[in-house]
Amino acid sequence: MTARRLLSLSYKQKLFLLGTVPLIVAVAAISLIVAYQSRQLAEREIATLEQTLIEAKKEELRNYVTQARNGFYFIYGSAPPDDADAKQQVMQILSAMIYGDEGSFFVYHYDGTNLVSPRDTQLINGNWSGLSDPEGTPIVDELISIARSGAGYHSYIWPKPSTGEPARMITYVTSFPSWQWAVGTGVFIDDVIATVATSRAQVEARTRRTFLYIGAITLAALLIVFGSGMVLNIRERRLADTKLKALTQRVFDAQEEERGRVARELHDGISQTLVGIRYALDVTRRQLSAEDRDVPKTLDKGIEGLASAVQEIRSISRDLRPGVLDDLGLGPALKTLTEEFSKRTGITPEFSTVVFRNRLDADAKIALYRVAQEALTNIERHANASVVRVSVRGDRRGAILTISDDGQGVDPSRKAASRSANGGSGMRNMQERMEQLNGAFSVTSSREGTTIEARLPLSHMLSPDSEGRQAPNDIEDPKQ
């Protein structure tokens, strides 16, 4: 159904689709690529920002623990493992190290017992081995394991002392191996998470704005294409209407010119001849009444006039539509045309043909014949030539009619006028006949003479067996 609808679209709709569909597809592809690349770049930037902020937090934690260790190292460094007073003194110092709204130090014994937790005092003296956060991440056991290994960082969910709401925390823990303590502190990174979330939201907003901008540009481009198409369509339609009107007017002019020519020939030729025959018959009637002996002479004049009228009618009929063209083909018709030209002008044209392997169709024959007829008429009226050559031949590209003379050539002003809408119709008519059949027409003129060439493509050649046996004038190019 979709294919049928597509085939039923008008030429204007197909042209609009041809102009808009590739544009829409290209813009959509560009949008997807831009969005993908922007998102990838933004994710990398966000990941870098998150990593930078977390590294800064970690560096801050390590500095806190280092400063605290340096603050009581003079006690721990000289105290034996079982010095309870020294341990109590260090625990008091660590309990007093509270910073910010959430920061504090913690101490766990290797067995999991909490010794120091100034922010969460309910943890003190309790064994929290096996404690995990809501995500299942081990807390105390992992802190002790890291401390046993020396020092390190650990991240988990822990309630914020100020609000009681769980939040992500990063801790740095180190070891007092002689006392079997895991000492550390932590900071909440919800501000880092919020910063990352804000950055990600900004990226999403920028991506949406980019899509909106691309969509607006696409819409503007489509409107420009549509508007340009409408303007072009209106302009082309007006131009086509103008050409159609000019063509219609030329057809009317050609018809009127042909009618005028036939009327003049009938009036100047046949009409006068018939009037003479009428007078001859009238004189014969009176002579017969008077039994005049000159009756045979008068009848002979009437018969001669009647023969001349018949010949004139045949000539007019042949000019309108030569019967020899349909009966014998293009070659004999052109030969007859040159013979009549020779009788009228006294110039004997050099006529040559090369028989076609495939005959020309009816449209091609009449077109070439009319070109030859118009060309010989122009030579007769304007060229003042003494030598005329007419040849028709076929080759691998089609049929070619060539007519040349040694006359005075075509006046450039007449040649230019023939191309204009209001100029002469001879050259223009010949050219239009060839263009209608997808042929070619050329005129070469100089002081040495003029050459007219009309060429028709192979598409107007009939196969040898399409109309029975080949006519005698259908010839064969030895190169084929």
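> What is the right way to read the sheet that holds strand S2 (residues 114-116) from this model?
Pairing in this open sheet of 5 strands is antiparallel, and the strands run S2-S1-S5-S4-S3 from one edge to the other. The sheet is open, and its two borders are formed by S2 and strand S3 (151-159), each paired with just one other strand. Here the average twist between neighbouring strands, direction ignored, is 35°. Of the pairings in the sheet, the one linking strand S1 (residues 105-109) to S2 comprises 2 bridges and is antiparallel in character. Looking across to S2, one finds that Val 107 is bridged to Val 116. The strands that helix H4 (residues 140-149) touches are S1, S3, strand S4 (166-176) and strand S5 (181-188); relative to S3, the one it contacts most, it runs at about 170°.

> What is the right way to look at the environment of Gln 202 in this model?
Its place among the elements puts Gln 202 in helix H5 (residues 190-289). Among the residues examined, Gln 202 registers a relative accessible area of 43% and is labelled partly exposed. On a C-alpha basis, the gap between Gln 202 and Ala 42 in space is 9.6 Å, while along the polypeptide they are 160 residues apart.

> Looking at this model, I keep getting lost on the confidence of the model for the protein chain. Mind explaining?
Detailed reading of the predicted coordinates is not advisable wherever pLDDT falls low. Looking at the protein chain, pLDDT values average 77 and 78% of them are 70 or higher. Within the protein chain, helix H10 (residues 412-419) has the poorest average pLDDT of any element, 46, and H4 the best, 92. Here residues 414-424 is a poorly scored stretch, pLDDT under 50, and it has 12 contacts once near neighbours within four places are set aside; other chains count. Low pLDDT, under 50, characterises residues 467-480; the predicted model gives this stretch 38 contacts beyond four residues in sequence or across chains.

> I tried to follow a nonpolar patch on the surface on my own but got confused; where do I start?
A surface patch of nonpolar side chains, about 260 Å² in accessible area, is lined by Phe 226, Met 230 and Ile 234. Residue placement: Met 230 occurs in helix H5.

> Whenever I open this one, helix H11 (residues 426-436) confuses me. Can you help?
Of the positions making up H11, those classed as buried are Gly 426, Met 427, Arg 428, Met 430, Glu 432 and Met 434. Immediately beyond the C-terminal end of H11, within one or two residues, lies Asn 438, with a positive phi of roughly 60°.

> Looking at this structure, I do not really get the pairing of strand S9 (residues 440-446). What am I missing?
Successive side chains on a regular strand alternate, one facing one side of the sheet and the next facing the other. Looking at chain direction, S9 and strand S10 (residues 449-457) are connected through 7 bridges and run antiparallel. Bridge pairing links Ala 440 to Arg 455 in S10.

> Explanation requested: the sheet that holds S9 in the structure shown.
In a beta sheet, neighbouring strands pair by backbone hydrogen bonds and run either parallel or antiparallel. If you walk across this open sheet you meet the 5 strands as S6-S7-S8-S10-S9, and the pairing is mixed. Where the open sheet ends on each side, the last strands, each with one partner, are strand S6 (350-353) and S9. Across the sheet, the mean angle separating the axes of adjacent strands is 10° when strand polarity is ignored. Packed onto the sheet, H11 meets S9 and S10 and runs at close to 145° relative to S9.

> What is the right way to look at the pattern of salt bridges in this model?
Oppositely charged side chains can form a pair if their charged atoms are brought close together. The final tally for this structure, using the stated rule, is 5 salt bridges. For the salt bridge of Glu 59 with Arg 62, the shortest nitrogen-to-oxygen distance reads 2.8 Å. With Glu 59 and Arg 62 both in helix H2 (residues 11-76), this residue pair falls 3 residues apart, about one helical turn. In this structure Glu 59 comes out as partly exposed when scored by relative accessible area, which is 35%. We classify Arg 62 as partly exposed; its relative accessible area is 36%. Put simply, Glu 135 and Arg 168 hold a salt bridge, and the shortest N to O gap is 3.0 Å. A residue pair is termed long-range when its members are at least 10 positions apart, and Glu 135 in the loop between S2 and H4 and Arg 168 in strand S4 qualify at 33 residues. Judged by relative accessible area, Glu 135 falls into the exposed class, the value being 53%.

> What is the right way to read the nonpolar core from this model?
Soluble globular proteins tend to pack their nonpolar side chains together in the buried interior. Membership of the largest hydrophobic core comes to 36 residues, with the highest contact counts inside it found for Leu 330, Leu 334, Leu 368, Ile 379, Leu 401, Met 434 and Phe 441. Looking at this core, the elements that each hand over two or more residues are helix H7 (323-327), helix H8 (330-345), helix H9 (362-383), strand S7 (388-395), strand S8 (398-405), H11, S9 and S10. Each residue touching Leu 368, except ones within four places of it in the same chain, is listed here: Leu 330, Leu 360, Ala 399, Leu 401, Met 434, Ala 454 and Leu 456. Ala 86, Val 90, Val 192 and Val 196 belong to the second largest nonpolar core, which has 29 residues in total.

Rules behind the numbers
- The numbering scheme is per chain: residues are counted from 1 as the chain's sequence reads.
- Local features in this predicted model are restricted to residues of pLDDT 70 or higher, and side-chain atom pairs are both shown and tallied only at a pLDDT of 80 or more, whereas totals for entire chains, interfaces and linings draw on every residue.
- Based on all heavy atoms of the structure, the side-chain values leave hydrogens and waters out of the count.
- Between any two strands, at least two bridges found by DSSP are needed for them to pair.
- Secondary structure elements follow DSSP: runs of H or I of four or more residues count as helices, runs of E of two or more count as strands, with numbering from the N terminus.
- Every axis corresponds to a line fitted to the C-alpha atoms, with the helix fit spanning only the stretch in contact, and the corresponding angles, defined between N-to-C directions, vary from 0 to 180 degrees.
- Between two residues, a contact is recorded if the distance between any of their heavy atoms is within 4.5 Å.
- Categorising residues by exposure relies on relative accessible area from a 1.4 Å probe, with only protein chains included: less than 20% of the type maximum marks a residue as buried, more than 50% marks it as exposed, and the intermediate range marks it as partly exposed.
- The predictor reports its confidence for every residue as pLDDT, a score running from 0 up to 100.
- Like-charged residues are merged into a patch within 9 Å and nonpolar side chains (Val, Leu, Ile, Met, Phe, Trp, Tyr) within 5 Å, provided each residue has over 30% relative accessible area and no salt bridge.
- Residue exposure ignores everything except the shown protein chains as possible cover, and the areas themselves are Shrake-Rupley values with a 1.4 Å probe.
- Salt bridge, as used here: a side-chain nitrogen of Lys or Arg that lies within 4 Å of a carboxyl oxygen of Asp or Glu.
- Only buried residues count toward a nonpolar core, which is a set of Ala, Val, Leu, Ile, Met, Phe, Trp, Tyr and Cys residues joined through side-chain atoms within 4.5 Å.

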